[in-house]
Structure formats: structure tokens, C-alpha cells
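# Architecture and fold: a report
Below are the chains, spelled out letter by letter.
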Amino acid sequence: MRGSSPFRIVIVVSLGGLLAAAAWAGEPPCPTQSGQTGLAAASSAVAAAASAPPAEAPSGAAGIELSSDRASFGADGKATLEGNVFVRQGVREIRAVEVQYDSRDTSLSTAGHIDYRDPIVHVSGAGGSYSASAGADFRSAEFDLAQRAARGSAQDMRLTPQGVLRLRGVTFTTCPLRDRSWELRASSITLDTRDRIGTGRGARVDFKGVPLMYLPWVSFPLGSERKSGFLFPAIGNTSYGGLQLAVPYYWNIAPNFDFTFQPVEYTRVGTDLGGDLRFLTHTQHGELDWNYLPNDNSFHRYRSRVRLTDVAELADDLRFTANAESVSDPFYFENFSLGPEGTSTAFVERRAALTYRGTHWRIDGEAQQYQTIDYTLPQRDRPYARVPRITVDADYGVGPNALLHYGFDSEVVDFQHGEQLVDVTTGWRADVMPRISLDLTGPGYFLRPAFAWRATRYALKDLAPGQLQRSPSRTLPIASLDSGLVFERASGSRGERKLTLEPRILYLDVPYRNQDALPVFDTALPDLNPVELFRTNRYVGADRVSDARQLSVGVTSRLLDALSGRQFISGTFGQTYYFEIPRVTLPGEVPATAKHSDFVAQLALTAFQHWGADIGVQWDPQNQRSERTTVNLQYKAASNAVINLAYRYERFVTTTELVPQLVGGTLMQVPVPVQQGFDQVELSGAWPIKRNWNIFARDVYSLRDPTQEHATDLEQFVGFEYRACCWGMRLGARRYVNSHDPKAGQTIGVWLQLELAGLASVGSASDAFLTEAIRGYVPPEAVNARAQGPVKGIR
């Protein structure tokens, strides 16, 4: 029987578990999408239409609604629906021109066009069928994901009632329709949505029609789960190693334990057997990564690097931390690092510590040692190892609002020198400082008188020439009075801003003690700035305590948002006035002669449209000259649109270093003049110059350098980026001077990086280099990752 009016019938069948799909949560649509890196991400992107557990039908049976323009029924229970056929079951919809329906096995089939849609996936095929017992089949099917810019096609697509999707003759891309910039092709892919595992055979990645790689077999997780398997290979080129090919293998040992084997083949130096082992528990997390070249063909020996980081939360408020790194030779970073750190790394640290944190007590026990990478540093000037170093600090407060504070700081250290030189002093140092203070704080003011007693004693073993005492010591009192005021007033036409004036005064009284007999293990004179003005010791470290009868005066003014407290601009300046000129010095330090310190000033401009500035000056009023100047200007219109201009200056001085030399057969300390200082300008930026095009540049120019005979470029970098909807490319070149040995000439490097959105990146460069070279630059991928929130577990 045929009719001219639409026909509607409800048939009870079970469709639960047939079509299931999921998109990667939080992934932005094209053109700002950023896919995961690695083969697992690429393959799971192909399978995103089946990456979630199957959608279950309601309890009992699910109803199907069918409608069409015309319908005819046969005596055998079969029906033919024609004209605008519409089938709906829950949130799933099927549209076709003609459908054959068999009520005996509740099956549907069509030889013409079929269109399937649900909230996750859309499938269009040249024909297909469905039965509750056998599942669904589509021929010449095309699919796209509703929640992610991704699409693909398959010659045949079969979906079983168990949630297994089998595709044959598959193509996949994240590019929009009619854009075939890159495609992933596979002869077959099987996606098990219940076990969340996919496998593919005969996979190939094409870019602009050119095959990039071929994989005969691949296994991958569906969605964000991790699974063992090969990751996307990486190719690159370095001036030292030559062409390189990396084929990483990922081993998902356990949900909280994984290992990545990262072999790299270099055409010039051989094979690097690298690896990265990570673990995570409720109380501990850590990582062990390494590189090992059994034989560097250019270096004619093995090369290696190993790094361990570990943090363990133990019982009773104890924490264990370890951070250690070691390289086979001082030239390793120069040869194998891509960024500026390769030529500026002076030391690598090895440190392990056990720490207790209580309400009033803090106890640290640590072992610390450094490996010197800067081979130009004299052996006697290389840092000491502190094995062990034990610190015990206590702090108590009594009275209302902890009006009275008392406690002590203490430290015991054994200083060892790895070079075992005859002219280097080693030994123990014990330092203890009990203290007591009052904290009188109220609205708009604070007053903090304090008193401390510091005692330091040494037990020396190897005495350098001129070191006569094996157990020198020092004791002295430290008295201070720190006070400040805060004035505020409304600013702006509507009082929307707040202007502050914050004067501060610190009086410090420390008697003079002759400390020439004390060795210098870890003490230095830091750069003078507004913070250093208000410290009770102008040295960092316990080997020297400066004598002081002085008054430090400083003033800070800030312009703030009255509602949010956001700072627009702040300025600070100050100076220390000596009632008695300090007499304590470090070896080689020029004694002070003026009745005041240098004048220091700092200006910070933030939140003023897109502009930011940070300016610092240390001015010598006695000689009317600048000792140190830093200027940093920044214009940042967006996270990836930033321009920086910087100037750094430190007055050039000629100092003397005592270098051991044989004179007439006798080892003597001979003074050698050394010039120190710098005068540099830096310009860097990243900017979109046209749709999809970005440029990057950095130039560090030395106006005067003691290691160079004339002004010179220390580092130059230029690059461009083209970022289309579904792929991007970067090309960059860098020329730089070896900071360890500037006379060795300049090194030139070129890198090329190709990124396929949703698939992987091919190349040796990374965003880490750009974020380090260009201050304030944040790649779009990092912005998207922050917007999506933190990821739990090992990723």
C-alpha cells in the first residue's frame, strides 16, 4: 500500500553500543587548533570518532522513529520507505532517499546515499545497512567530528554491536574541506571503543602530496590514554652532529610509570642512545633522562649526559629532593644544545637534600657539588662542594599578632674542593645566630627593632699560602631598627586610582671585626639594588659580615588601581649613609672611601596599555658616573606579538687575580690583571606581519667587550613562521659567539620545523628556544594548553 502523506511508525529495537564517538576535550577548532605530539596523538585523532565508550541505550529497549514521504509493506514483514526517509533513535539520526526495512530482524539497508549524525560524529555514505545483531556498514563513507576540526573518509566502514569500528582505505586530516595540505592514509584501521585501543596497517603521512613517512603497522590508544609504541620520528641538522634522525619508542610500563627510548643517529658523530624514565606516586615524582654516545666520531671518545630529579614526601613532615646532572666533558652542551644555554652554562649542579618543615622549626641536610662547564675558569676559582651542609632554624612568636619574635639560624658545612689543589683551603665552618625582634605594625606604619649575635668558627684542613690559622673564628653583635610609613591618596578624575608614598629607614650597627684570617668559601658581594640596601649584611654568605654604623634611606611610590590593586607604575630610590666607612672587604675588593653608598633607583611600568618597562640604575655620586644600568622596554600586543629593547651596562674595571705560577722553581701566587664589565644592546621580537605569517628576530650587540678588540655582534637570530589552518612551518638561522671562548669564532646554525596540526611536528627546533630567546613570547600552543587547564598524571 502506498500513501501520499508522511508515514510514521515506531519500532522497538536495540541500538545501544553501535555508534560511539568522542572529540578531544578542549581542543580549539581550526585555525587555532593544536594537536598532541607523537604518533599516538596522530592515530588517535583518526580514531576520534570512536574514542569514547559506546553510548548506551536506555534500560530495556530503545525506540526507533521512522518517517518518509511514501511507504509500502510486503506480506513477508518487509517495508520500503521512500522520499525524505528519516530515522531517529535518541540523539542519533539517519537520513536517506530510500530505505529497506525488515521487521523480522529489525534491519535497515539502502543502496543510495545515507547520512548519519549524532552530537559527536557525522557520517555520509554511498550506501549502508544496519541490523541489531550484525551492526552497521557504510560504503564510500566520509566522516567529520562535530567537536573538533577533523575529517576523513573510508572505502568501507563497519560498526559492530560491541563498539568495534573497522575502516578500510582510510584518509584523515584536520584541514578544512577542499584543503588537502596533509593527510594520513592507511589501508585499514580497527578501533575498539570499549577497550579504547586502535590498530592500523599500511599507514602513510602525506604533506602537499609528498609522502613523509610510512608505517607498516601501528597500535595506539583512543583518546588521551597512553599506550606503548613508536612515536613520530624527528629529523634535523646541527653544525656539529650533521643530519640527524630520531625514532623514539614509548613504553607505557604502568599508569604512573613510563619510559621513552630516544635513539638519534647523527651522520657525523654516530649514534646517541638517549632515554627518559618518569614515575609518579601519591608521595613521590621524579624523572631520569640521559644521552649516551658510545663513540663520538668527531670527539674520538664516548659522550654522555645524565640528569635526575626526584621529590618524595615522607612521613612526619619530611621531604627528600634530588636534582643532579652530569656530562662527560665541558664541551657537551656546546656541541649538542640548540639554545643559548649551550654556550652560557657555567656549572651543572648535583644536590640531594632531606628537609623537615614544622610550625616553628626547619631542618635541612644536604650534599651539594658542582661540575664546572666553563673550562676558562681557573681551577682555584671553581665552586666548592658542600658535603654535607646542615642547617637548623627556629622561629617563635609570642604576644598578640606575634608581637615578639625570637629564634636562631645555624649552619654546619664541610667545604671540599674537587681539584685537590695545594693552594686551596678546605675545611669545616660552623655558624650560629640567635635573634630577637619586635614587630610593631599598624595601619600606615611599621617599626621593627631587632638584635642578633653571630658566631662563626672554622676547622681548616688544607691551608693555602698565607692562611696561618687552622681554627679562626669570629663573633659579633648585630643591632638594627627598621621603620617605614605608607601614605595613600586617591588619584584620577573619579578617584579610580590610588597613589602611595612609602618612605623607609633602616639603622644598622655592627662592630668591626678583622676577618682577614677567615677563608672565603661561598661568600660574594651582590649587585647593589633597593632590596640590598635594607639587608643587615652587604655580603651573601657567612665568610664575611660587614661592619656597619649606617643609615639606609629609601622611598617608594606606586600608582595602583583603587579597586583591584593592580600596579601601573612604581618607582624606588635609595642610598646608604655611613657614620663610619666599612672596613671589612673580600680579597680583591676595593675598600669604600666615601661616606655614602652608590645611589640606586628602580622604575617599573606595568599594565599601561601594551607597554612595560623596567629600569635600574646604580650611580656613583662621588665620581659622577654610572656603575651599573639596566633598561628593559617591552611592547606586547598579544602573547605572540612582542618587541623588546634592552640595554645592559656595567662599568669596566681592571682587577687582579692571583694565579699560581712557578717562579724560579717555587710555586708562587702571581697577580694577573683581568678586565671585567659589559656594554650591550639587545633587540628581540616576534610579530605577525601578515595573515598566517610571523617573524622572529634577536640581536645582541656588544658596544664594548673586554674579550673583543672592537664592537661585535654576540648573537644574531632571525626566522619566520607560516601558520595555516592545519599546518605550520618555521625556518630560522642563528649565529652566536662562544661565551666560554669568544676568540674561537662564531657558530652558525640553521633549523627547519614542520608542524601538522593534530598530528605531530617534524624538525629539531622547538618553542622552548623562542620563549627563551624572546622575552615575553608565548606560542599559541602554550596559550591553548593553559586555557584547557592542568593535566593530571604522566603525559
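Above this note sits the structure.
None of these values were measured; they are calculated from a predicted model.

### Observations regarding the overall build of the protein chain
The helix and strand tally for the protein chain stands at 5 helices and 46 strands. Within the span of the protein chain, comprising 795 residues, buried residues form 42% of the whole. By sequence separation, contacts in the protein chain at least 24 residues apart represent 52% of the contacts at least 6 residues apart. Looking at the protein chain as shown, the accessible area adds up to about 39,800 Å², and 57% of this sits on carbon and sulfur atoms.

### Comments concerning a nonpolar patch on the surface
Nonpolar side chains collect at one region of the surface, where Phe230, Ile235, Leu245, Val247, Tyr249, Trp251, Ile253, Phe261, Leu273, Tyr292 and Tyr302 lie side by side and expose about 960 Å² of accessible area between them. No other element matches strand β19 (residues 249-254), which puts 3 residues into the nonpolar patch. Summarising the element assignment, Trp251 is placed in strand β19. Among the residues examined, Trp251 registers a relative accessible area of 45% and is labelled partly exposed.

### Comments concerning unusual backbone geometry
The omega angle of the peptide bond from Val387 to Pro388 is -5 degrees, so this bond is cis rather than trans. Mapped onto the fold, Pro388 is located in strand β27 (residues 385-398). Even without being a glycine, Ser140 presents a positive backbone phi close to 50 degrees. Positioned with a positive phi, Ala402 is a non-glycine residue whose angle comes to about 50 degrees. Mapped onto the secondary structure, Ala402 falls in the loop between β27 and β28 (404-416).

### Thoughts on the packing of aromatic side chains
Evaluation of the coordinates by the stated rule reveals 23 aromatic pairs. Geometrically, the ring pair formed by Tyr384 and Phe521 is edge-to-face, given 5.0 Å between the ring centres and 80 degrees between the ring planes. Separated by 137 residues along the polypeptide, Tyr384 in the loop between β26 (361-372) and β27 and Phe521 in the loop between β34 (497-510) and β35 (548-561) bring together distant segments of the chain. Phe521 shares its class with Tyr384; the two are buried. Consider the rings of Phe415 and Phe521, whose centres lie 4.3 Å apart with planes at 20 degrees: the pair is stacked. Note that Phe415 is positioned in strand β28 and Phe521 in the loop between β34 and β35, a separation of 106 residues in sequence. On the basis of relative accessible area, Phe415 is assigned to the buried category, the value being 0%. Cluster of aromatic residues (ring-pair linked, three or more members): Phe207, Trp693, Phe720, Tyr722 and Trp727.

### Quick word on the pairing of strand β44 (residues 727-737)
Where strand β43 (residues 712-723) meets β44, 9 bridges bridge the pair, whose relative direction is antiparallel. Directly across from Gln716, in β44, lies its bridge partner Arg735. Linking β43 to β44, which pair antiparallel, is a turn of 3 residues.

### As for the state of the cysteines
The full count for this structure, using the stated rule, is 1 disulfide. Disulfide pairing is shown between Cys175 and Cys726; the S-S distance is 1.8 Å. The sign of the 85 degrees torsion about the S-S bond sets the Cys175-Cys726 disulfide as right-handed. Of the two residues, Cys175 sits in the loop between β12 (164-173) and β13 (182-192) while Cys726 sits in the loop between β43 and β44, which places them 551 residues apart along the sequence. In this pair, the class of Cys175 matches that of Cys726, namely buried.

Definitions and cut-offs
Residues numbered from 1 in each chain as written. Predicted model: local features only at pLDDT ≥ 70, side-chain atom pairs only at ≥ 80, totals over all residues. Heavy atoms only, no water. Helix = DSSP H or I, 4+ residues; strand = E, 2+ residues; numbered from the N terminus. Buried < 20%, exposed > 50% of the residue type's maximum accessible area, 1.4 Å probe, protein only. Contact = heavy atoms within 4.5 Å. Areas by Shrake-Rupley, 256 points an atom, 1.4 Å probe, with all protein chains shown as cover. Patch = residues over 30% accessible without salt bridge, like charges linked within 9 Å, V, L, I, M, F, W, Y side chains within 5 Å. Salt bridge = Lys/Arg side-chain N within 4 Å of Asp/Glu carboxyl O. Phe/Tyr/Trp six-rings, centres within 6.5 Å; stacked < 30°, edge-to-face > 60°. Pairing = 2+ DSSP bridges. Disulfide = S-S within 2.5 Å.

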